Structures are given as C-alpha cells and as structure tokens.
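Examining the three-dimensional arrangement
In case you want the letters, here they are:
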Amino acid sequence: MARTQNKLTALQIKKLKADPQKSIKIGDGGNLYFRIDPNGSRYWIFNYTRPYTSKRNEMSLGTYPGMSLEEARKVRDEYKVLIQKGIDPAAQRLQHKHQRKHELDHTFQVIAEKWLEKRAIEKKEDSETIRRLNHDVLPQISTLTFDQLTLEVMEDRIFQPILARGAYSVAKRLKSDLNQIFKFARKRKLIIYNPIEDIELPTPPKTNHAAITEPRELASLVKAVWRYGEVHQRSLISTQIAIKLSLLIFQRPGEIRQLKKAHYYKEEHCLKFVASKTKQEHIVPLSRQAIELLDSIMDIYLGNEYIFVGREGKGCISDNTMNKALERLGFAGKHTVHGSRATARTLLDEVLNQRVEHIEHQLAHRVKDPNGTAYNRTKFLEQRREMMQKWADYLESFLEDKYDASVESQKDLSLL
C-alpha cells in the first residue's frame, strides 16, 4: 500500500513550537520531513535511498519560512523523479554548485581583471583601456560568461550604442581591447571562437572636426596650448588666449573668434551672445580660469569692439587662425577648435560624470524634453556653472601635473 503524502498543513507548520530539550521531526510523506531544532531553527529535510549505493541520505532542502510547505513538496517531487532515473539529487546539486562556481570564476569581469593583472606585471599602461571598459563594457556584460558573449550580444550591447553616439574612434580602440581579452580567454580554453574578430566597424564619416577624446592625449594638448606663446613668440596675444579659451568654454569657433567685449558680463561671470547655429541667446558660465584669461586681454585693444583682435588691430582674428595654431603645435588631423566640443562632450560625461542634459545645454544644442525639442538659455544655469568650473580645474590639473591617469581610470574600479 502506497504511503500517504501531503499529511501536513501550512497552519500546522506555522503553529509548531520548538522543544528546548530535543529536535522535533515530523513527516509530510514521500520522504519529506519538517524539523525544528531546540534553538528554533526550522528547515525541510528529504530522506532518500541513493541510487546504486542503496545507502540512506538526508538532504536539507531549505529553511522555513524562506521555503514554504508547497515549495518543499515541489522540490521533493522533482528529486523523486531524478531518483527514478538513477540520478542522485545530492550529487546533482553538488555538480550544479561546482558549475555555478566555475561560471562565477570565469565571467567577463573576472577574466578582464586577470588580463589587466598580467599586463600590469608586464608594465603595460592601461588607464585608458580601464576607462573604456568601465564606461562602455562592464555595465553591459560584466556578469556574463564567455559562452554567452556571442557576436550578436557584443554587437547589440557594446558596439551599437557606441556607434550610435558617433564615437568611432572609441569603438575602434575598444575592439582592439576586447580582442586581446577574448584571445586571453581562448588561451584558457574558455572559448574556441573569438567573436570580436568578426565585428565589422563602419568607416567613420569624413569630417574636418578632428577631436581628442582620451585624457592622456588631452593632457598633451593642454600643455602644448598653454606653451604656445613661449614656442611661437611672434604669435598674436589674441591667438594665444583664444586657443586656451576654446578649450575652457568649448563653444563654436566662429562664436569664440567673434566674441565682443559687450558679450562679457564680468560681474555675472558669464558670456552672453546669440548662438550661431540656433540663433538663440546663449549663456556661457565662466570658470575662474576663463575670467583670468579674458581679463588679461580686455584692455589691450581699447579701440576695438572685439576681444580677439586680428593683425594690425583690425577686426577679429580670421576663421582659420586658431586651427593653424593647433597645426603648428603638431595636432594637424588630431584636433581642431570645433573638435573641443566633442572633447568636452565625451570627457564631461565619461570622466567627470556630468549629466548629459547639462552638457547639451552648454553646447547650445536643442535638448528634447517632455514637451518636445527645446532649448532654454537659463536652464540648469547653476549646475552648468559648477560643471564649467570642474572642467577648467580638470584641464588645469594637466598643467600642474596633478593629473593621474591611474586614479581616474580606477574611479569605478570596483567594476574591475
């Protein structure tokens, strides 16, 4: 005669009291038991005969009330099916535990850490690589194992978002980084196929706005720009100040070279002018460093309405003056004045963690809001003021040799 199952009730389990002298063990049938120890611990037990060895074994299924009576019965029934198939539930659970541990030990994050550790021993410089991984990769795939990182996953989660924001150079460098990590994983026999090798990146559209978007390269640019007057002593003071200010305020080149003294509101610590592209009035909060630069030139050309006066004291500097200066400094094809906008857009977001809508307003872009596409010159003004000072301090850190790429890259190193 078959033994009765499901003899207990949820209310009976709930009301059962512990005996301070001994453990209490009551059966539900089908080898499922509920146990209460003298210390009050309550848990479910499955007592069964192991296949092949025919030895009795007792398994803890889980604690109560974390596992309900109904859930315990479900697990019991699943284990009974395994036993009928000649599978030992305890052995299977141990196998799953080892498998899970193996998976946790071989996630993308863990293997990327080991790859970086190896490169650190080899004295490789990876601060920029770490920054790219922290920003564009780990938030998407850190906990996935390599067998889950298919070509489709890498394209959809990693490369498409980067290409969508037009960061072609970042995508190219990141492909190189990931290719090395996947090769490292293949040597450890975690994969037999490297999907990164089949990632096809589009050729970036031709543009005249070359831009530096890596902190280490920006450091070289800032130092070179601030030495421009020393290296090219016959250059105009207007050019020297203009190329510095272009990095600090990252407005359009035409807007910078055509700045008028009337646009400078010193007491309000800002510039006010009509944005050339949107034809709307724009406010540019000024950092302490930007104000110092403007103050240094305001009284040089007293008879001219422009701040950055051209040769012979007439009009403003030409539309190619600042870019020519950058070319003389060795940045031809690497960076332009207009490119400073992309520089700030990228690094304010990725390094200084500024809100995108604050950056977009500072660039005088039309920003989508719940009511549609709009631009408000006073929106986020105080936040933008703080952001501009942080940006200026960041650039200044390159000059004072306070910039530490390793510190910057490890800002989110909890991910690695």
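It should be noted that the structure appears before, not after, this text.
Predicted model, so just to flag it, every value in this text is computed and none were measured.

Things to note about the overall build of the chain
The secondary structure content of the chain amounts to 17 helices and 9 strands. When the backbone C-alpha atoms are referred to their principal axes, the chain occupies close to 110 × 50 × 40 Å. Residue burial in the chain is summarised as follows: out of 416 residues, 47% are buried. Sequence separation of 24 or more characterises 60% of the internal contacts of the chain that already satisfy a separation of 6 or more. On the chain, roughly 22700 Å² of surface is accessible, and the fraction owed to carbon and sulfur atoms is 48%. Positive and negative charge centroids in the chain, built from 70 and 54 side chains respectively, lie 5 Å apart.

Brief notes about the packing of aromatic side chains
Within this structure, the stated rule accounts for 11 aromatic pairs. Aromatic side chains Phe34 and Tyr64 sit 5.5 Å apart centroid to centroid with 85° between the ring planes, which places their arrangement in the edge-to-face category. Taken together, the residues Phe34 in strand β2 (residues 32-36) and Tyr64 in the loop between β4 (56-63) and α2 (69-84) connect sequence positions 30 residues apart. Seen in terms of ring centroids, Phe46 and Tyr48 are 5.3 Å apart; in terms of plane orientation they differ by 15°. Their pairing is stacked. Residue classification places Phe46 among the buried positions, given a relative accessible area of 0%. Note on Tyr48: relative accessible area 1%, which makes it buried. A connected cluster of aromatic rings, assembled from ring pairs, spans Phe250, Trp391, Tyr394 and Phe398. Over the aromatic face of Tyr33 sits the side chain of Lys25, whose NZ or CZ is 4.6 Å from the ring centroid. Positioned above the aromatic ring of Tyr265, the side-chain terminus of Lys272 is 4.6 Å from the ring centre.

Brief notes about the sheet that holds strand β7 (residues 281-285)
Within the open sheet, the 3 strands sit side by side as β5-β6-β7. Their pairing is antiparallel. If you trace the sheet from one side to the other, it starts and ends with β5 (264-265) and β7, each paired once. For β5 and strand β6 (residues 270-274), the ladder comprises 2 bridges, and the chain directions are antiparallel. Counted as the bridge partner of Tyr265 is Cys270 from β6.

Description of the nonpolar core
Ranked by internal contacts, the top residues of the largest apolar core, which has 51 residues, are Leu218, Ile249, Leu271, Leu286, Phe308, Trp391 and Leu395. At the level of secondary structure, the elements contributing two or more residues to this core comprise α8 (215-226), α10 (237-249), β6, α12 (288-297), α13 (321-328), α14 (339-350) and α16 (381-399). The contacts of Leu218, once residues within four sequence positions are left out, are Ile212, Thr343, Leu347, Trp391, Tyr394, Leu395 and Phe398. Counting 33 residues, the second largest nonpolar core, distinct from the first, contains Leu149, Phe159, Phe184 and Ile199.

Observations concerning the pairing of β4
Taken together, the 7 bridges between strand β3 (residues 42-49) and β4 define a ladder with antiparallel strand orientation. Across the sheet, Trp44 pairs through a bridge with Gly62, a residue of β4. Connecting the antiparallel pair β3 and β4 is a turn made up of 6 residues, with Tyr52 showing a positive phi of about 75°.

A short note on the pattern of salt bridges
Throughout the structure, instances matching the rule amount to 31 salt bridges. Lys25 is paired through a salt bridge with Glu58; the nearest N and O atoms lie 3.1 Å apart. Placement of Lys25 in strand β1 (residues 24-29) and of Glu58 in strand β4 is noted, with a sequence separation of 33 residues between them. The exposure class assigned to Lys25 is partly exposed, which follows from its relative accessible area of 40%. Its salt-bridge partner being Arg165, residue Glu350 comes within 2.9 Å of it at the nearest N-O pair. Residue Glu350 is located in helix α14, and its partner Arg165 is located in the loop between α6 (151-164) and α7 (168-187); the two are separated by 185 residues in the primary sequence. For Glu350, a relative accessible area of 7% translates into the label buried. Exposure remark for Arg165: the relative accessible area of 39% places this residue in the partly exposed category. When salt bridges that share partners are traced, they join Glu128, Arg131, Arg132, Asp136, Arg165, Arg173, Asp177, Glu214, Glu217 and Glu350 into one network.

Examining the sheet that holds β1
The sheet built from 4 strands is open, its strands ordered β1-β2-β3-β4 with antiparallel pairing. With partners counted over all chains shown, the strands left at the sheet margins are β1 and β4, one partner each. Each adjacent strand pair in this sheet contributes to an overall mean axis angle of 30°, direction not counted. Alignment of β1 against β2, held across 5 bridges, turns out to be antiparallel. Within β2, the residue paired with Lys25 across the bridge is Arg35. The sheet contacts of α2 involve β1, β2, β3 and β4, and relative to β3 the element is tilted by about 15°.

Quick word on the packing of α14 against α16
Axis separation between α14 and α16 bottoms out at 12 Å; the angle between their running directions is 100°. Judged on the interaxial angle alone, α16 and α14 are roughly perpendicular. Facing α14, whose interface residues are Thr343, Ala344, Leu347 and Leu348, α16 presents Met387, Trp391 and Tyr394. Across the contact of α14 with α16, the residue classes tally to 6 nonpolar, 1 polar and no charged.

A word on unusual backbone geometry
That bond from Tyr64 to Pro65 is cis: its omega, 10°, falls within 30 degrees of zero. A positive phi angle, close to 75°, is found at Asn31, a residue other than glycine. Counting through the fold element by element, Asn31 comes out in the loop between β1 and β2. Backbone geometry at Lys189 places phi at a positive 65°, although glycine is not the residue there.

Criteria and cut-off values
Residues numbered from 1 in each chain as written. Predicted model: local features only at pLDDT ≥ 70, side-chain atom pairs only at ≥ 80, totals over all residues. Heavy atoms only, no water. Helix = DSSP H or I, 4+ residues; strand = E, 2+ residues; numbered from the N terminus. Buried < 20%, exposed > 50% of the residue type's maximum accessible area, 1.4 Å probe, protein only. Contact = heavy atoms within 4.5 Å. Areas by Shrake-Rupley, 256 points an atom, 1.4 Å probe, with all protein chains shown as cover. Lys, Arg positive; Asp, Glu negative; His and termini not counted. Charge placed at Lys NZ, Arg CZ, Asp CG, Glu CD. Phe/Tyr/Trp six-rings, centres within 6.5 Å; stacked < 30°, edge-to-face > 60°. Lys NZ or Arg CZ within 6 Å of the ring centre and 35° of its normal. Pairing = 2+ DSSP bridges. Core = buried A, V, L, I, M, F, W, Y, C linked by side-chain atoms within 4.5 Å. Salt bridge = Lys/Arg side-chain N within 4 Å of Asp/Glu carboxyl O. Axes fitted to C-alpha atoms, helices over the stretch in contact; angles between N-to-C directions. Parallel < 35°, antiparallel > 145°, perpendicular 65-115°, else oblique. Nonpolar A, V, L, I, M, F, W, Y, C, P; charged D, E, K, R; others polar.

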